[in-house]
Every structure is written in C-alpha cells, then in structure tokens.
Amino acid sequence: MFDNYMLLALILLFIGLVGVALRKNIFTIFMCVELMLNAVALIFASIARAQGSMEGQVIVLLIIALAAAEAAFGLALIVLMHKEKQSLDIEDFNELRTEQC
Amino acid sequence: MEVFLFYNFALFALFGALGLVLFKLPLHSALSFILCLVSVAGLYLLLNAKTLFLIQIVVYAGAIMVLAVFIMMFFNIKASSLFVKFRILHLFYLVPAGILVWICAEIFGAKRLEFSANLSENFGEIKELGFYLFSNFGVSFEMISVLLTAVLIAVVGITSSKKESKNV
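In this text, all values refer to a predicted model and were calculated from it rather than measured experimentally.

On to the overall build of chain B. Helices and strands together make up the secondary structure of chain B, namely 6 helices and 0 strands. Mapped from its N terminus to its C terminus, chain B presents α and β elements in the order α-α-α-α-α-α. Residue burial in chain B is summarised as follows: out of 168 residues, 32% are buried. Once local pairs closer than 6 in sequence are excluded, the contacts in chain B between residues at least 24 apart make up 58%. Element-wise, carbon and sulfur atoms account for 71% of the exposed surface of chain B, whose accessible area totals about 11,300 Å².

Okay, structure coming up:
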C-alpha cells in the first residue's frame, strides 16, 4: 500500500514538472509548482504513516504554511509583472535571455 | 474498502492534475487543481492524518487557491494551449518523464516500508501534532512565523510604491 502512495505522488510530481516546463501562462506555471509541493507533502505523510511517528505530518504542516507564504508573494509579483508588460505570456519576459547586459 | 477509496481518490487527483496541465484557460486549470487538492486531502484522511485533512482543505484549497482565482479574475487572460500545434512528436516528451518515474519508483520501492496496523491511539490527532511540533520543531515554527510576517511586509511594500515619473 505504501508503494501505491509513493507511485501516485511521483506521478503527480512529474505531471507538475511537465507543466512547469511546457506551459506558457504564468498562472498555470505557478499552480504547477504548487502541485509539485503537494506531491512531496503526500510522500511525507505516507512515510509518517509507515513509521508510526508524527514527524512527517509536522513537516507537511510546515510545507503548507510555506506554500501559503510563497503563493502570496508570487501572486503579488505576477500583478507587478503584468503592470510592467501588459502580458501574461512567459515568452515576453526574456530580458535575462537576450544579450543586453 | 480502503483500497477502493484509495483508487477513487487517486483517480480524482490524477484527473485534476492532468486537467491543470492540459486545459487552455487558467481558470479551468485552477478549478481542476482545487479538485486535485481536495482528493489529496482525502488521501491524507486515509493515512490517518485527520489534522492534515482539515488544514489542507481550509488553508490550501480554501485560502491559497481562492487568492489565486481572485487575482486571475482581475486580468483579461487569453486562452493559451499547451502546444502551439499538437503533433504526434510531442508524445515523445512523455518517454523521459516515464523513465524518470520508473527509476524513482525502483529506488524508493527498494526500502519496502509497510503500513503497520498497530498505530498509537492518538496518531494524527491535533494534540499529538501540537506536542510534536512544539517539542521538536520549535525553531522551525518560529521561523515560519517570521517568514509570514516578512512576506506580508514585502507584499505591502512592493505593491504600494509611490508614483515615480517614468520617461516614456
């Protein structure tokens, strides 16, 4: 049964990874990062159940709090980025890629 | 019964995650992701983690995703699809991902952890979680509080800058 949970969490992690790599909208990329965080939290919770100790569940609690903080900050940055460029396409934010340094 | 429930929740979580990646409008992706989050909360309940089930639904699906949906409503978002033009060649992207999943499953499956039936009586209760958190993770707890305060100050500071005259 533990193998089933681990396999599901790994599949969710790699779906999120494929989403971060291939999607073009900023909101979708942000939500795929949250999906990866959730998959890791599921791994921790299943290890806590297998070991019988509460340590994994405390780590999941800290992960959820961290995700809340990161979501608030990331969304504020998205609002500011839209104010700069009026676009939500990740291809338009390529200053680090073009040679203008 | 537990296996039946596990497969139900797992299928909902998988369909939610696939919907997140494959839908065109970000709002549809957000709703699909909320379905995925509630399914993962159900999986926490199957793992005897009652407090995590509550906290996941209240905080993750009920606050973080609601905030994201609010911000999404402000913008006029055009529909964008995963590929510009879907070709059969794009399916080959799944092959390295599948190989990575297989490798990780082999590595982590070799440990052979099992779910034992004898758990302590209060496993997953909020009292046990609180005791363990404040006994062993006290510094992390305080640091999370500092992090949340810092994020609050940073967000207010960033989004309320005075109007500077820009050279247009």
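So that's the structure; there's more coming.
Listed per partner, the contact involves 61 residues of chain A and 75 residues of chain B. Taken over both partners, the interface formed by chain A and chain B buries close to 6,300 Å², and the fraction arising from carbon and sulfur atoms is 80%. In this assembly, chain A and chain B are joined by 6 residue pairs in polar contact (both at pLDDT 80 or more). For the side of chain A that touches chain B, the elements supplying multiple residues, two or more each, are helix 1 (2-22), helix 2 (26-51) and helix 3 (55-85) of chain A. The dominant element in the side of chain A that touches chain B, judged by the number of residues it contributes, is helix 3 of chain A, at 23 residues. A breakdown of the residues in the side of chain A that touches chain B according to their chemical character gives 45 nonpolar, 10 polar and 6 charged.

The next point concerns the packing of aromatic side chains. As enumerated under the stated definition, the model contains 7 aromatic pairs over all chains in all. A ring pair is formed by B:Y132 and B:F137, whose centres lie 6.3 Å apart and whose planes are at 35°; its orientation type is tilted. You can call B:F137 buried: its relative accessible area is 14%. Ring pairs connect the aromatic residues A:F2, A:Y5, B:F6, B:Y7 and B:F115, which therefore count as one cluster. When the ring centre of B:F115 is taken as reference, the NZ or CZ atom of A:R49 above it lies at 5.1 Å.

Moving on, we get to the confidence of the model for chain B. Residues with a pLDDT of 70 or more make up 88% of chain B, whose mean pLDDT is 86. Prediction confidence for the complex, expressed as pTM and ipTM, is 0.88 and 0.92 respectively.

By the secondary structure assignment, A:R49 is in helix 2. Buried within the structure, A:R49 lacks any salt-bridge partner; B:E2 is the closest side chain of opposite charge, at an N-O distance of 5.4 Å. Once residues within four sequence positions are removed from consideration, A:R49 is found in contact with B:L47, B:N48, B:F115, B:S116, B:L119 and B:F123.

So, on to a nonpolar patch on the surface. Together, B:L89, B:F92, B:V95, B:I99, B:W102, B:I103, B:I107 and B:F108 line one region of the surface with nonpolar side chains, adding up to about 860 Å² of accessible area. Considering the arrangement of structural elements, one finds B:I99 in helix 4 (residues 94-109).

The end-to-end C-alpha distance of helix 3 of chain A, which contains 31 residues, comes to 44 Å, matching closely the 45 Å that a straight helix rising 1.5 Å per residue would cover. A:Q86, located one to two residues past helix 3 of chain A, shows a positive phi value of around 55°.

Here we come to the nonpolar core. A:F27, A:M31, A:L35, B:F33 and B:Y44 are the most contacted members of the largest nonpolar core, which has 59 residues in total. Among the elements of the structure, helix 1, helix 2 and helix 3 of chain A together with helix 1 (2-22), helix 2 (26-46), helix 3 (50-74) and helix 4 of chain B are those that each provide at least two residues to this core. If near-sequence neighbours (up to four positions away) are discounted, B:F33 is found in contact with A:M31, A:E34, A:L35, A:N38, B:G16, B:L20 and B:M65. Of all hydrophobic cores here, the second largest spans 9 residues; its members include A:M54, A:V58, A:L62 and B:F137.

Criteria and thresholds
- Residues numbered from 1 in each chain as written.
- Chains lettered and ligands numbered in written order.
- Predicted model: local features only at pLDDT ≥ 70, side-chain atom pairs only at ≥ 80, totals over all residues.
- Heavy atoms only, no water.
- Helix = DSSP H or I, 4+ residues; strand = E, 2+ residues; numbered from the N terminus.
- Buried < 20%, exposed > 50% of the residue type's maximum accessible area, 1.4 Å probe, protein only.
- Contact = heavy atoms within 4.5 Å.
- Areas by Shrake-Rupley, 256 points an atom, 1.4 Å probe, with all protein chains shown as cover.
- Buried area = accessible area lost by both parts, 1.4 Å probe.
- Polar contact = N/O pair within 3.5 Å; in protein donor to acceptor, adjacent residues only side chain to side chain.
- Nonpolar A, V, L, I, M, F, W, Y, C, P; charged D, E, K, R; others polar.
- Phe/Tyr/Trp six-rings, centres within 6.5 Å; stacked < 30°, edge-to-face > 60°.
- Lys NZ or Arg CZ within 6 Å of the ring centre and 35° of its normal.
- pLDDT = per-residue confidence, 0-100.
- Lys, Arg positive; Asp, Glu negative; His and termini not counted.
- Salt bridge = Lys/Arg side-chain N within 4 Å of Asp/Glu carboxyl O.
- Patch = residues over 30% accessible without salt bridge, like charges linked within 9 Å, V, L, I, M, F, W, Y side chains within 5 Å.
- Expected span 1.5 Å × (residues − 1).
- Core = buried A, V, L, I, M, F, W, Y, C linked by side-chain atoms within 4.5 Å.

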